Amino acid sequence: MPETYPAADALSAEQALAVLERMQLLRAFEEKVSELYARGKVAGLIHLAIGQEATAVGIGSLLGPGDTVWGGHRSHGHALATGADPERLLAEIAGRAAGYGKGKGGSMHLVAAETGFVTATGVVAGNIPLALGGAFSARLRGTGGVAVAFFGDGAGQSGQFHESLNLAALWRLPVIFVCENNGYAEFSPLSAHTPVERLANHAATYGIPNVSVDGNDLLAVRSAAAEAIERGRRGDGPTFIEALTYRLRGHYEGDPGAYRDQAELAAWREKDPIERLARRLEADGLMGPDPAVATAERARARMAAVAEAVLALPAAGPADLTTDVVA
Amino acid sequence: MVDAIRAAMHDELAADPSVVLFGEDVTVGGPFGATNGLQDAFGTERVRDTPISEGAVMGMAVGAAATGLRPIVEIMFMDFATLALDQLVNHAAKLRYMSGGQLSIPLTVRVQAGASGAFGAHHSQSLEAWFAHVPGLKVVAASTPRDAYGLLRAAIRDPDPVVFIEHRALYWGKGPVAVGEAGIAPIGRAALRRPGRDVTLIAWSRMAATALAAAEQLAAEGIEAEVLDLRSLQPLDLETVLASVRRTRRAVIAHEAVMTGGLGGELVASIQAAAFDRLVAPIGRVGAPFAPVPASPALEAAFVPGPAAIVDAVRYTMAGSIASREEAG
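Q: Tell me what's going on with the overall build of chain A, and back it up with residues and numbers.
A: Scanning chain A from N- to C-terminus turns up 11 helices and eight strands. Against the compact-globule benchmark of 20 Å for 327 residues, chain A has a radius of gyration of 19 Å, which places it among compact chains. With respect to the principal axes defined by its C-alpha atoms, chain A has extents near 55 × 50 × 45 Å. Here chain A holds 327 residues, and the buried ones make up 54% of them. Expressed as a percentage of contacts within chain A between residues at least 6 apart in sequence, the contacts between residues at least 24 apart total 75%.

Q: Outline the overall build of chain B, supporting the account with residue identities and numerical values.
A: In terms of helices and strands, chain B carries 13 helices and 12 strands. Relative to the 2.2 N^0.38 estimate, which gives 20 Å for 329 residues, the radius of gyration of chain B is 20 Å and therefore close to what a compact globule would have. Expressed along its principal axes, the backbone C-alpha trace of chain B runs to roughly 65 × 45 × 35 Å. Relative to its 329 residues, chain B shows a buried fraction of 54%. Relative to all contacts within chain B whose residues are 6 or more apart in sequence, the contacts with residues 24 or more apart total 79%.

Q: So what about the interface of chain B and chain A? Which residues, and what values?
A: Counting from both sides, the interface comprises 35 residues of chain B and, opposite them, 35 residues of chain A. Among the secondary structure elements, those contributing two or more residues to the side of chain B that touches chain A are helix H3 (54-66), helix H4 (85-92) and helix H5 (95-98) of chain B. By residue number, the principal contributor to the side of chain B that touches chain A is H3 of chain B, which donates nine residues. When grouped by side-chain class, the residues that make up the side of chain B that touches chain A number 15 nonpolar, 15 polar and five charged.

Q: Give me helix H5 (residues 127-140) of chain A: which residues, what numbers.
A: Residue and element names in this part refer to chain A. For H5, built from 14 residues, the straight-helix expectation of 20 Å at 1.5 Å per residue is met to within 8% by its first-to-last C-alpha distance of 20 Å. The buried count for H5 comes to 13 of 14 residues, which makes it a mostly enclosed element. Directly after H5, the chain includes Gly-142, whose backbone phi takes a positive value near 70°.

Q: Go over the sheet that holds strand S4 (residues 108-112) of chain B, please, and point to the residues and values.
A: Residues and elements named next belong to chain B. Reading across from one edge, S2-S1-S3-S4-S6-S5-S10 is the order of the seven strands in this open sheet, with mixed pairing throughout. Since the sheet does not close on itself, it has two edges, and those belong to strand S2 (47-49) and strand S10 (232-234), each with one partner. The mean angle between the axes of side-by-side strands here comes to 20°, regardless of whether they run parallel or antiparallel. For strand S5 (residues 138-141) and S10, the ladder comprises two bridges, and the chain directions are antiparallel. What sits directly across from Val-139, in S10, is Gln-234.

Q: Hey, could you go over the pairing of strand S8 (residues 239-244) of chain A for me, with residue numbers and the actual values?
A: Residues and elements named next belong to chain A. Most of S8 sits inside the fold, with five of its six residues counted as buried. Two elements, strand S4 (residues 175-181) and S8, share six bridges in a ladder whose sense is parallel. The partner of Cys-179 across the bridge, within S8, is Glu-242. Relative to S8, strand S7 (residues 210-214) runs parallel, the two being bridged by five bridges. Along S8, the bridge assignment pairs Val-213 with Ala-243. With respect to chirality, the unit in which S7 leads through helix H8 (residues 218-233) into the neighbouring parallel S8 is right-handed.

Q: Which residues make up the sheet that holds strand S12 (residues 284-288) of chain B, and what values go with them?
A: Residues and elements named next belong to chain B. Strand order in the open sheet formed by five strands is S7-S9-S8-S11-S12, and the pairing between neighbours is mixed. Single-partner strands in this sheet number two, and they are strand S7 (191-194) and S12. Going from strand to strand, the sheet's axes swing by 25° on average, the running direction of each strand aside. As judged from the four bridges shared by strand S11 (residues 251-258) and S12, these two strands associate in the parallel manner. Residue Ile-253 lies in a different strand from S12, and its bridge partner there is Arg-285. The strands touched by helix H8 (residues 206-220) are S7, strand S8 (199-203), strand S9 (225-229) and S11; relative to S8, the strand with the most contacts, the crossing angle is about 155°.

Q: Please give an account of the environment of Thr-115 of chain A that cites residues and values.
A: Residues and elements named next belong to chain A. Take Thr-115: it is sitting in the loop between helix H4 (86-93) and strand S2 (117-119). Counting along the chain gives 183 residues from Thr-115 to Arg-298, while the straight-line C-alpha distance between them is 23 Å. Not counting the four nearest positions on each side in its chain, Thr-115 is found in contact with Thr-82, Gly-83 and Ala-84.

Q: So, the packing of H8 of chain B against helix H12 (residues 307-319) of chain B: which residues are in play, and what are the values?
A: Residues and elements named next belong to chain B. One can describe the packing of H8 onto H12 by two numbers: an axis separation of 8 Å at closest approach and a directional angle of 55°. Relative to H12, the element H8 lies oblique. The two elements H8 and H12 cross, and the hand of that crossing is right-handed. Residues Thr-210, Ala-211, Ala-213, Ala-214, Gln-217 and Leu-218 of H8 form the contact with H12, whose participating residues are Pro-307, Ile-310, Val-311 and Val-314.

Q: Describe in detail the packing of helix H1 (residues 13-38) of chain A against helix H10 (residues 273-283) of chain A, supporting the description with residues and values.
A: Residue and element names in this part refer to chain A. Running from N to C, H1 and H10 cross one another at 160°; their axes reach a closest spacing of 10 Å. By the angle between their directions, the pair H1 and H10 is classed as roughly antiparallel. At the point where H1 passes H10, the crossing takes the left-handed sense. The segment H1 lies against H10, with Ala-16, Leu-20, Met-23, Gln-24 and Arg-27 engaging Pro-273, Ile-274, Leu-277, Ala-278 and Leu-281. By residue class, the composition of the contact of H1 with H10 is eight nonpolar, one polar and one charged.

Q: Give a description of unusual backbone geometry that names residues and reports values.
A: Between Gln-234 of chain B and the following residue, Pro-235 of chain B, the backbone shows a cis peptide bond with an omega angle of 5°. Mapped onto the elements of the fold, Pro-235 of chain B is located in the loop between S10 and helix H9 (238-248). Phi is positive for Lys-102 of chain A, close to 55°, though the residue is something other than glycine. With respect to the helices, strands and loops of the structure, Lys-102 of chain A is situated in the loop between H4 and S2. Given 24 C-beta atoms within 10 Å, Lys-102 of chain A falls into the buried group. A positive phi angle, close to 65°, is found at Asp-25 of chain B, a residue other than glycine. Among the structural elements, Asp-25 of chain B can be located in the loop between strand S1 (19-23) and helix H2 (38-42).

Q: Hey, could you go over the domain arrangement of chain B for me, with residue numbers and the actual values?
A: Residue and element names in this part refer to chain B. Partitioning chain B into domains gives domain 1 (2-183) and domain 2 (191-328). A separation of 27 Å is found between the C-alpha centroids of domain 1 and domain 2. Counting residues at the interface gives 25 residues for domain 1, matched by 24 residues for domain 2. Where the side of domain 1 that touches domain 2 is concerned, the elements lending two or more residues are helix H6 (128-132), S5 and helix H7 (145-157). Across the side of domain 1 that touches domain 2, the residue classes tally to 15 nonpolar, seven polar and three charged.

Calculation notes
Residues numbered from 1 in each chain as written. Chains lettered and ligands numbered in written order. Predicted model: local features only at pLDDT ≥ 70, side-chain atom pairs only at ≥ 80, totals over all residues. Helix = DSSP H or I, 4+ residues; strand = E, 2+ residues; numbered from the N terminus. Rg over C-alpha atoms; globule rule 2.2 N^0.38 Å. Buried ≥ 20, exposed ≤ 12 C-beta atoms within 10 Å, placed from the backbone. Contact = placed C-beta atoms within 7 Å. Nonpolar A, V, L, I, M, F, W, Y, C, P; charged D, E, K, R; others polar. Expected span 1.5 Å × (residues − 1). Pairing = 2+ DSSP bridges. Axes fitted to C-alpha atoms, helices over the stretch in contact; angles between N-to-C directions. Right-handed = clockwise from strand over helix to strand, strands pointing away. Parallel < 35°, antiparallel > 145°, perpendicular 65-115°, else oblique. Left-handed = near helix turned anticlockwise from the far one by under 90°. Domains from an automatic or database assignment.

This is how it looks when you write it as structure tokens:
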């Protein structure tokens, strides 16, 4: 097992800056995608994760070589948190030939294989069985790696979710199930779709160790993730982390969100994960005053440069239309 | 044939440590003994029984294939592949493309398809047309023990997902097998089973044997049928098919799948588009009636096309040949 996996407990000043900057990158990236979409520079179905940075970075910051991440339709942040290059990622979302998928995957089907972000998927819960395969493969090949599956609360309604919990528990696979429960599946509150509102309860049914955490508290997410990763690496099987969070934007760009209560939205804005982390790091003396401000400015400046570069790239062309169907 | 299938899996498991095998009851050989002894030989990590969860098992196999392994998944009856279609169609078939070539999915899905034993509608379907219609999937069907061995080894070695179609009515048939690397058959090549002058019969799986039986009957009537066993349904070996039809100038396609929407239609369209000038008669098709597979043995016997159906189709084609086109050469 490699010695290079990052330590799990208290952050050093260096690590604090790194996670804060990474969260700001996710935020700035999503805001830039939103802007480009509004300007007609990006097409397709775009699902943003603004407000959900703590789960992606809380887990991604602890992963190393040999670990794999498997996302869903709202996974720009998961890919960035795993180490994907923002320019190649934005190029893919913007349909450029230089994108990770040569423009053929797009926003919902991102693949940055060399980073360990194996794939995202447009099928709700479809990534969960895939992650089991990543875990099985890591174990058989002896890499010590864990596989992380990110999904939303809606995935808990899918047969593939339940089949996967059963199989992962039975085979003691090193999978970490991460449910970003933001209380809504598309346009409906979770309670409209299921009588079981804590998805961690489903994990308990299959005997999988599980925890519900404040998904907007990076340190809480990181702590739960550290325990899950350690469990997986030592061969003790899967963990289910339910991260309670909130989606500050609509289900997709263009969704007016009329189905949401404005007071609810306002209350969650108060819990913004970046602001909370910045205040905590400042209070703990790990960073100077108002660390969110400077890190946000740097991230936005970086994304402005990335966007300019991407928009100058050529679109994917017809020469690639029928390549990569088979080897 | 079932021994040849087992031997192919054995030899690939032995040759490549990244090959693994998942399926329901595979450690006890499954319903037909195809996997007997493989767990004893290769251990409990590489050969594993799965719960009755085709969706999750297929997805797990795809994820494993994407991360360095070569999984073989046995789906007990092709009818149950429906439960695994999301993972097979939306992920296995598409990850190479959507990733721009970053990912390779070297997955083999073994299924047993076709009617026999009066097992009824949920244990008897031939759905190969569905899989051949999905860009990113390869589809092969073996009709002989030699091809079962050779094509299965090729499927396991293939960098792309391959649906390997078996037929339980052929499992107990015997024939020579070329064991070893030399016996590996290429995917994408049809096989000439019987040369003939008057009409090209195109078939696969059990119907390839049925077509040979029909050819024998036709020979007694002075009609010499050429029999092509397609073997590879995706990609199709159109080159071999066209070379034959250009010579015989008539064609009949026979498959056990329901005729409507079956691959016969795809072949008819492809052949006439390329070789219309050489045809002296419309191309014929033989397939099952447009109904689910019935359970009663008498009905099943009426449902599955036999040699007589192919003989009738050939006679019809011969009688319908246009003399002026024949004379024109």
